[in-house]
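Fold and geometry: a report
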Amino acid sequence: MKNKSLLVVIFSLVALLAGTTLAAVNAEARAGGGGSLGSRGSLGSRGSRSYSQPISPYSLPGRNQQAAPQPFSPSPYQNPLPSGGGFLRNMAGGLVGGMLGGMLFRSLGFGGGMGGGFGGGIGLFEIILIGGIIYLVYRMMKGRLNESAPYQNPSATGGYNEPQAPRSITPAYADTAGDLAVGLSQIRQMDPGFDEQRFPDAVMDIFFKIQGAWMNRDLGGVNSLLTTEMRRIFQEDIDRMLREHRVNRLENIAVRKVEVSEAWQESGRDYITALIYANLLDYTTDDSSGQVVEGSKTDPIKFEEFWTFTRPVGNNQWQLSGINQK
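My aim in this report is to walk through the structure given alongside it, one point at a time. On a predicted model such as this, the values are computed, not experimentally measured, just so you know.

**Looking at the overall build of the protein**
A count of helices and strands for the protein gives seven helices and six strands. Beginning at the N terminus, the succession of helices and strands in the protein can be written as α-α-β-α-α-α-α-α-β-β-β-β-β. Across the 326 residues that make up the protein, the buried fraction comes to 37%. Just so you have it, the protein exposes about 18,400 Å², and 55% of that area is on carbon and sulfur atoms.

See the structure below:
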């Protein structure tokens with residue numbers, strides 16, 4: 001009975017740890033959605049910016065800041081976390097104290113209702129085992145929280161108290177409204193007929209064509225709109241659906257907004273990233289039975305994705321080169 005009770009304690013702690021790390025799975029299957037992106041959150045290439053998160057147009061100066069409020073950033077002189085991990089230490093201590101107190105309570109004869117599970121008292125092995133598990137959970141959770149803290153107050157770690165400038169994390173590139181204007185200007189220099197005001201309409205046209213080809217499981221009509229890498233990725237997903245005898249159906253597509261967020265040139269190519277905000281019915285059916293096996297025919301979904309397009313500089317065909325989830 002003692003071993004059984006220890007297993008209950010261990011499984012409870014494992015469940016607690018799992019609850020802090022599990023993420024919701026996106027079941028969207030459209031072209032560029034959950035089916036293609038999976039857990040990666042991105043596919044394809046954005047040139048030298050492939051490993052950088054696309055910039056939301058809402059975050060650029062002069063845009064609607066109300067649409068995307070910025071998260072709170074602690075003062076450079078404010079310690080983001082309690083010194084020494086007080087919350088985690090108290091939580092771990094409370095767990096250990098509660099379990100050991102409960103076992104001691106039962107060992108004194110007050111736990112008859114449990115069938116004498118700890119009636120003979122607790123041994124050194126049980127204390128070491130439970131303490132080790134709690135310490136492991138404490139270390140893992142502390143590590144995760146420390147990763148999310150960009151800096152700490154120097155005085156909290158025993159350092160000097162002289163004010164310091166914030167230590168900003170420098171991204172692979174820094175894009176502002178000015179940089180976007182510069183990028184668009186460079187594109188116009190090589191293609192005087194380029195009009196950034198009409199570009200969102202071109203993006204919507206490409207979006208609908210690609211989604212239609214995806215639903216028909218035939219990329220033949222959109223090959224010229226995809227880079228070689230994107231054709232390969234989409235074709236692999238389509239081949240998988242054909243093997244599984246499934247078709248992804250997209251209905252009532254409504255594109256709410258398309259807005260350019262980045263524009264630049266590199267290695268003789270133009271690049272433009274646009275944020276697409278839309279909603280649609282997205283569900284997958286079985287070929288033979290027509291039964292819905294994923295998604296919903298009645299509940300529309302909303303999504304925001306960054307689609308990046310590229311072309312050789314000049315008046316050439318734009319091609320989809322990458323998709324990133326916001």
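Continuing now.
**Section: unusual backbone geometry**
Residue His245 is not a glycine yet carries a positive backbone phi of 55°. Among the structural elements, His245 can be located in the loop between α7 (228–243) and β2 (246–266). Judged by its relative accessible area of 48%, His245 falls in the partly exposed class. For Asn252, which is not a glycine, the phi torsion comes out positive at approximately 50°.

**Considering the pattern of salt bridges**
Two side chains carrying opposite charge are able to pair once their charged atoms lie near each other. For the structure on display, the rule yields 10 salt bridges. Note that Arg49 is salt-bridged to Glu262, the shortest N-O span being 2.9 Å. With Arg49 in the loop between β1 (42–44) and α3 (86–110) and Glu262 in strand β2, this residue pair connects regions lying 213 residues apart in the sequence. An identical accessibility class is assigned to Arg49 and Glu262; each is buried. We note a salt bridge from Arg188 to Glu196, for which the minimum N-O separation is 2.8 Å. Within this structure, Arg46, Arg49 and Glu262 form a network of salt bridges that share partners.

**Notes on the environment of Met204**
Inspection of the secondary structure assignment puts Met204 in helix α6 (residues 199–216). For Met204, a relative accessible area of 24% corresponds to the partly exposed category. Through-space distance from the C-alpha of Met204 to that of Ile276 is 8.5 Å; in sequence the pair is 72 residues apart. Among residues more than four places away in sequence, those in contact with Met204 are Val255 and Val258.

**Digging into the side chain of Asp282**
Relative to the helices and strands, Asp282 resides in strand β3 (residues 269–286). Within the local environment of Asp282, its side chain forms a polar contact with the side chain of Asn248, the two groups lying 2.9 Å apart.

**A closer look at the packing of aromatic side chains**
Counting across every chain of the model gives 10 aromatic pairs. Both rings, one in Phe199 and one in Trp318, keep their centres 5.3 Å apart while their planes meet at 70°; by these two values the pair is edge-to-face. Of this pair, Phe199 sits in helix α6 while Trp318 sits in the loop between β5 (301–312) and β6 (319–325), and the two are 119 residues apart along the sequence. Each ring, one from Trp264 and one from Tyr271, has its centre 5.1 Å from the other, and the planes form 5°; the classification is stacked. Accessibility classification places Trp264 together with Tyr271 in one group, the buried group. One cation-aromatic arrangement involves Arg49 over Trp264; the distance from NZ or CZ to the ring centre is 4.1 Å.

Each value, and the rule that gives it
- Residues numbered from 1 in each chain as written.
- Predicted model: local features only at pLDDT ≥ 70, side-chain atom pairs only at ≥ 80, totals over all residues.
- Heavy atoms only, no water.
- Helix = DSSP H or I, 4+ residues; strand = E, 2+ residues; numbered from the N terminus.
- Buried < 20%, exposed > 50% of the residue type's maximum accessible area, 1.4 Å probe, protein only.
- Areas by Shrake-Rupley, 256 points an atom, 1.4 Å probe, with all protein chains shown as cover.
- Salt bridge = Lys/Arg side-chain N within 4 Å of Asp/Glu carboxyl O.
- Contact = heavy atoms within 4.5 Å.
- Polar contact = N/O pair within 3.5 Å; in protein donor to acceptor, adjacent residues only side chain to side chain.
- Phe/Tyr/Trp six-rings, centres within 6.5 Å; stacked < 30°, edge-to-face > 60°.
- Lys NZ or Arg CZ within 6 Å of the ring centre and 35° of its normal.

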